[in-house]
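# Analysis of the macromolecular model
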4 protein chains.
Amino acid sequence: MLHFECDYASGAHPQVLERLVRTNLEESSGYGEDAYCGQAARLIQALCRAPQAQVHFLVGGTQANLTVIAAALRPHQGVISAQSGHISDHETGAIEATGHKVLTLAAEGGKLSARQIEALCRDHRADPCAVHKVQPGMIYLAHPTEFGLVYSRAELEAIRAVADQYRLTVFLDGARLACGLAASDVTLPDLARLCDAFTIGGTKAGTLFGEAMVLTRDRLQEDFRYLIKQRGGMLAKGRLLGVQFQALLEDGLYQRIGRQEVDQAMRLQAAFQDKGWPLLYPSPTNQQFPILPDTALEALQRKYSVSWMGKPDAGHTAVRFCTSWSTREEDVDQLIQDITDV
Amino acid sequence: MLHFECDYASGAHPQVLERLVRTNLEESSGYGEDAYCGQAARLIQALCRAPQAQVHFLVGGTQANLTVIAAALRPHQGVISAQSGHISDHETGAIEATGHKVLTLAAEGGKLSARQIEALCRDHRADPCAVHKVQPGMIYLAHPTEFGLVYSRAELEAIRAVADQYRLTVFLDGARLACGLAASDVTLPDLARLCDAFTIGGTKAGTLFGEAMVLTRDRLQEDFRYLIKQRGGMLAKGRLLGVQFQALLEDGLYQRIGRQEVDQAMRLQAAFQDKGWPLLYPSPTNQQFPILPDTALEALQRKYSVSWMGKPDAGHTAVRFCTSWSTREEDVDQLIQDITDV
Amino acid sequence: MLHFECDYASGAHPQVLERLVRTNLEESSGYGEDAYCGQAARLIQALCRAPQAQVHFLVGGTQANLTVIAAALRPHQGVISAQSGHISDHETGAIEATGHKVLTLAAEGGKLSARQIEALCRDHRADPCAVHKVQPGMIYLAHPTEFGLVYSRAELEAIRAVADQYRLTVFLDGARLACGLAASDVTLPDLARLCDAFTIGGTKAGTLFGEAMVLTRDRLQEDFRYLIKQRGGMLAKGRLLGVQFQALLEDGLYQRIGRQEVDQAMRLQAAFQDKGWPLLYPSPTNQQFPILPDTALEALQRKYSVSWMGKPDAGHTAVRFCTSWSTREEDVDQLIQDITDV
Amino acid sequence: MLHFECDYASGAHPQVLERLVRTNLEESSGYGEDAYCGQAARLIQALCRAPQAQVHFLVGGTQANLTVIAAALRPHQGVISAQSGHISDHETGAIEATGHKVLTLAAEGGKLSARQIEALCRDHRADPCAVHKVQPGMIYLAHPTEFGLVYSRAELEAIRAVADQYRLTVFLDGARLACGLAASDVTLPDLARLCDAFTIGGTKAGTLFGEAMVLTRDRLQEDFRYLIKQRGGMLAKGRLLGVQFQALLEDGLYQRIGRQEVDQAMRLQAAFQDKGWPLLYPSPTNQQFPILPDTALEALQRKYSVSWMGKPDAGHTAVRFCTSWSTREEDVDQLIQDITDV
């Protein structure tokens, strides 16, 4: 069976693993106060051209999300998210468990627009019963979204402008940021300039686990380590995160992984289109969502594992194909051949 | 510098690391639903002689604690802990952040007695204002405690009896359980019989990270995976936990590591006592707390790193020496020699 | 100015106030443990034909809602509500502040159907990623809804059946229950039989403040007073609640108030319909939602205050007219005349 | 039976009740946005000589406490309180239910000193593991304390200085402030100058219910009404609070009530001392804590109800006698006579 159902099925990229093995017997301070975390943080500051930014390493994405949201909001505030946003729909109410409502907006493919955010905030301010409603305090974006879509720099700038107007914190979830960077005109310095906080995801780009949280504003930076500890995201052997992110980021491996995942996905997309299979979302990143005849799907599933997304009609099924750092070129070739032949 | 300040300064035990390396490129389901987690869980059920127990793997100790406590308590209930308990004093209010008060009891060396728990519960029930107070709903024990002390089987049985009388959930934090098993008459089957939940700690016994949570009662088992996800303890590449715990547990490595840590610690303890240095706590496990003349400490610190515990008087300091799976015999020999000579 | 904008603009019904004045200097135990609360509770048990029910008195509706929801749910569970439900949209995230997500369903006029609840629960159970989602654990109904609609007995029975199938707690918010009883075939004994918990609202039916919470199931009853205290709903001079509910319930005053509010509202509704003004919702209770020409509204507002509901088109406005226990017949007559003449 | 067991056993002071009755049929806006609340707020601003202060009216004390603490603290912060503080010991974990730890200090009679607060904060800052601990963020004082003790202006100034040094919010719980003002040199303008927030308690000084929350600092003022609503403290018929506080405060009634309660209590204290009965705490306010021979207590309890406080030895009992606005002079005379004769 060849695995295309998700992008976290295997372990670490060999360069990352090698670094973990090489440093395994070293002894260092715990809880992220070691030299590797320091070096990885400085590397990220440099890549973001943001020497004032704080960088923290957390074990996982749900933790990263719930921790930064708890850090940013006052109790009566909520976080704006697409209805399909990970915090809204795939984290078992983790945000509500910190006391905050997720204010959802319908958003095709999970992509929010400055305009709909502005409308929500304007309506809230104009509401004579505003104190009886949750106040919008933060924007949650994913880049790419859960359905693979990306923001352009201009779109993020428009969202930043609304955020400034309504004093909202902007947080961008970069669980698949390697692909987001490869498939949009948005750079790390752009993110540092336009977001109050964003993550650089490791899990789906070659680490065993880990998200780097970049905090660009004073207000969020203050005492952030207390919050990481409180919410369970502080690893005792914290250097494991620094070691992995250093290996991932120091010579462009992260960018290469993103580029490769996207290239492979675009080849798949072309095959789907050549075949006449429509796409659920026009994703330019490593997740592809073709709608297949059920007979074709059945045939392919004998050899390839995919994720089920829904049934638009009786004879067709929407599925997800993912590429990852560990996807081999020859497997993509084979898959394309089989799509053509099916 | 030789490191004796903590037991999580290095990476994974070579046998554990080897297994991670060997399985690195395999592909498996995420979130703990893979074959390795299944095998590790069955191994633990067998070691505990508790086929009905559920076993879950969480990334870290604070997460494990806050998740099981949130799972067990109703909103008006609190968890009884020693004042020095990890949940009370070293987790940045993680338990309060889930909404629950930690009901602290003064306890020498962090060890609670059935008698003081019983007194607290009896007083609560007798209080005419009980509904204005937090209701005790759970007992948090650490074995060994934060100061290295262990419970005997008889002590745990007495605590279980009180718990049954007052309908309290018993949770035992086994962050250093390898040492607890080596230094007491308490076995894994005892824990499965006497606790509603307990952890088998990996981080301090040879894994990169990870705690195995063993749930022996129906009530806690129901929907526990929802709670792991909600609180951020569910690893995407969940098999990493299964792989490590399997390596650690399948041929007695865990027990050997505990035995070795305790043996080394006992040799250090003997050296302190030969030297006439009193012990802050009579720990039979891998953490030792001697009180040294400041001059001796100064000399030793040129070569050995330790943790500072307090200053009982002007000329003396209490410190912590830890042994770990990575402590070398020759380093212990050297340290003992230096203690003798100082 | 004649007030029709809400049903809580004046103080207490004269019979209720008289009882407060008469008992003012008496001395009694605090926190609801007095004779008046006991008598009022027994009165409610009798009216509900539910001797096993517990009755508690809380100061306000938001408190009542957040307290019973916190009591019923485990941390990973959410409460199903209409999108327009009070807990979803008008309590500033009070439910999320207790840690729970409100699972909203689109519902015309705020009325949920058994069928849509069943679909949500079935989908959740069938979802292979269910543990990554909030588990439905409770149903929140309002009777009447925020838009004045009522449930029939048959509808509540169908909802109860779904709740039993999926182990959901059923909570009915009776903030305006006096009207709900007057305008549907649902009786207090029906509510006691079909709900796990419901409130009998005082504020909008003649008390200064206060909601009676009726708990019909063991599981919710246990330790409920701890939760009232914890969430701030326990009044020091608790007898004020007992005194008021006794005055309201002991000789049918509550039912008479509901009947009168509904009768007056039906007269208004007939006037709107005679005038050819459509209704936003076909409310059979004390809240009426006509859509008026703006010119007519402007004229009426010189004399009558109403609540603004929205603008369906450029020339029309939807508003709310409420009747209450203090609405005078002559004012309704005058309003109808003015509607006719405008 | 004559009631001396608490100070909330009867209803409202006749002047307060008269005002409620007189305004009962008036119609006004809900939720505290009426003219009476406005007038009462301006009255309090004037009495405090603090035109910039915000004044809000909440239903009860637990609500007031939990709301202001939730408003002031970030998630990793806790509130410093005496071990016997109401928030620590008598609110069923209401503060923990908002996510915050109560950092308790042993304090004789519930009175904190600037020195012990300073020591706690200094230790926290000096702790190399500070991020693993709850950060002190707020001070909770009660004036008088739960045991009747008061702060002097100089003591509050010293506490303010520590608060400024460590950036702590100062909140003073004035549940019995009428007595605190009568029995200390602290004035309302002092409180407005030295506290970030404080309450003026109504329930124990002649209202049916209600606490006025005075917020003197910008940071706490922002969006405070959202928090009142979220936590359930916003009364629909909010004017009831304004009406009562206006009646209480506009012509010095509040001060007279405090003066009378204290005078009566001092007469009782003198009687206890004449009798040779020691006092548990040297309270200068309306709560008195004599230690009586059990035989004397038994005799007095035939006629007087008191609160039980503890048994210092086999033959003696400590009890609480409270005076209140409704305590009659002739009953105090009679009690003193009976004390003398017993």
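Residues numbered from 1 in each chain as written. Chains lettered and ligands numbered in written order. Predicted model: local features only at pLDDT ≥ 70, side-chain atom pairs only at ≥ 80, totals over all residues. Heavy atoms only, no water.

## Some remarks on helix 2 (residues 35–47) of chain C
All names here are of chain C. Over its 13 residues, helix 2 runs 18 Å from end to end, which matches the ideal 18 Å to within 8%, given 1.5 Å per residue. Buried within helix 2 we find Tyr36, Cys37, Ala40, Ala41, Ile44 and Gln45. Turning to helix 2, the residues buried within the fold contact strand 2 (54–58), strand 7 (197–201), strand 8 (211–215) and helix 12 (239–249). Capping the start of helix 2, aspartate 34 holds a side-chain oxygen 2.8 Å from the backbone nitrogen of tyrosine 36, two or three residues further along. (Helix = DSSP H or I, 4+ residues; strand = E, 2+ residues; numbered from the N terminus. Expected span 1.5 Å × (residues − 1). Buried < 20%, exposed > 50% of the residue type's maximum accessible area, 1.4 Å probe, protein only. Contact = heavy atoms within 4.5 Å. Polar contact = N/O pair within 3.5 Å; in protein donor to acceptor, adjacent residues only side chain to side chain.)

## Considerations on the interface of chain A and chain B
Contacts between the two partners involve 42 residues from chain A and, on the opposite side, 42 residues from chain B. Of the roughly 3,800 Å² buried where chain A meets chain B, counting both sides, 58% is carbon and sulfur surface. Scanning the region where chain A abuts chain B turns up zero salt bridges. Those elements that place two or more of their residues in the side of chain A that touches chain B are helix 1 (14–22), helix 3 (61–72), helix 5 (94–97), helix 11 (224–230) and helix 12 (239–249) of chain A. (Buried area = accessible area lost by both parts, 1.4 Å probe. Salt bridge = Lys/Arg side-chain N within 4 Å of Asp/Glu carboxyl O.)

## Some words on the interface of chain C and chain D
Between chain C and chain D, the residue contacts involve 42 residues of the former and 42 residues of the latter. Of the roughly 3,800 Å² buried between chain C and chain D on both sides combined, carbon and sulfur atoms contribute 58%. Here chain C and chain D share zero salt bridges between them. Inspection of the chain C/chain D interface yields 22 residue pairs in polar contact (both at pLDDT 80 or more). For the side of chain C that touches chain D, the secondary structure elements donating two or more residues are helix 1 (14–22), helix 3 (61–72), helix 5 (94–97), helix 11 (224–230) and helix 12 of chain C. Considered class by class, the residues forming the side of chain C that touches chain D number 18 nonpolar, 17 polar and seven charged. (Nonpolar A, V, L, I, M, F, W, Y, C, P; charged D, E, K, R; others polar.)

## Things to note about the pattern of salt bridges
A side chain of one charge can pair with a side chain of the opposite charge when the charged atoms of the two come close. Tallying each qualifying case throughout the model produces 96 salt bridges over all chains. Between aspartate 89 of chain A and lysine 133 of chain C there is a salt bridge; the shortest N-O distance is 4.0 Å. Of the two residues, aspartate 89 of chain A is situated in helix 4 (residues 86–89) and lysine 133 of chain C in the loop between helix 6 (114–126) and strand 5 (135–142); the pairing between them involves two chains. For lysine 133 of chain C, a relative accessible area of 16% puts it in the buried group. In this structure, aspartate 294 of chain A engages lysine 311 of chain A in a salt bridge whose closest nitrogen and oxygen atoms are separated by 2.7 Å. With a gap of 17 residues between them, aspartate 294 of chain A in helix 14 (residues 294–301) and lysine 311 of chain A in strand 12 (residues 307–313) connect regions that are remote in the sequence. Owing to a relative accessible area of 41%, lysine 311 of chain A belongs among the partly exposed residues under this scheme. Several salt bridges share partner residues, and in doing so they unite Arg153, Glu157, Asp190 and Arg193 of chain A into one network.

## Re the relation of the copies chain C and chain D
Superposing chain C onto chain D requires a rotation of 180° together with a translation of 0.0 Å along the rotation axis, leaving an RMSD of 0.0 Å. Overall, the copies show the geometry of a two-fold rotation axis. Comparing interface residues between copies, 100% of those in chain C also lie at the interface in chain D; the contact surface is shared. (Least-squares fit on C-alpha atoms with pLDDT ≥ 70 in both.)

## Quick notes on the sheet that holds strand 3 (residues 77–82) of chain B
All names here are of chain B. Pairing is mixed across the open sheet formed by seven strands, whose spatial order is 2-8-7-6-5-3-4. Across the chains shown, the open sheet's two edge strands, defined by having one partner strand only, are strand 2 (54–58) and strand 4 (102–105). Going from strand to strand, the sheet's axes swing by 25° on average, the running direction of each strand aside. Direction of pairing for strand 6 (residues 169–173) relative to strand 7 (residues 197–201): parallel, over a ladder of two bridges. Each bridged residue has a counterpart across the sheet, and for leucine 172 the counterpart in strand 7 is phenylalanine 198. Of the strands in this sheet, strand 2, strand 7 and strand 8 (211–215) are in contact with helix 12 (residues 239–249), which crosses strand 2 at around 110°. (Pairing = 2+ DSSP bridges. Axes fitted to C-alpha atoms, helices over the stretch in contact; angles between N-to-C directions.)

By themselves these figures say nothing about function.
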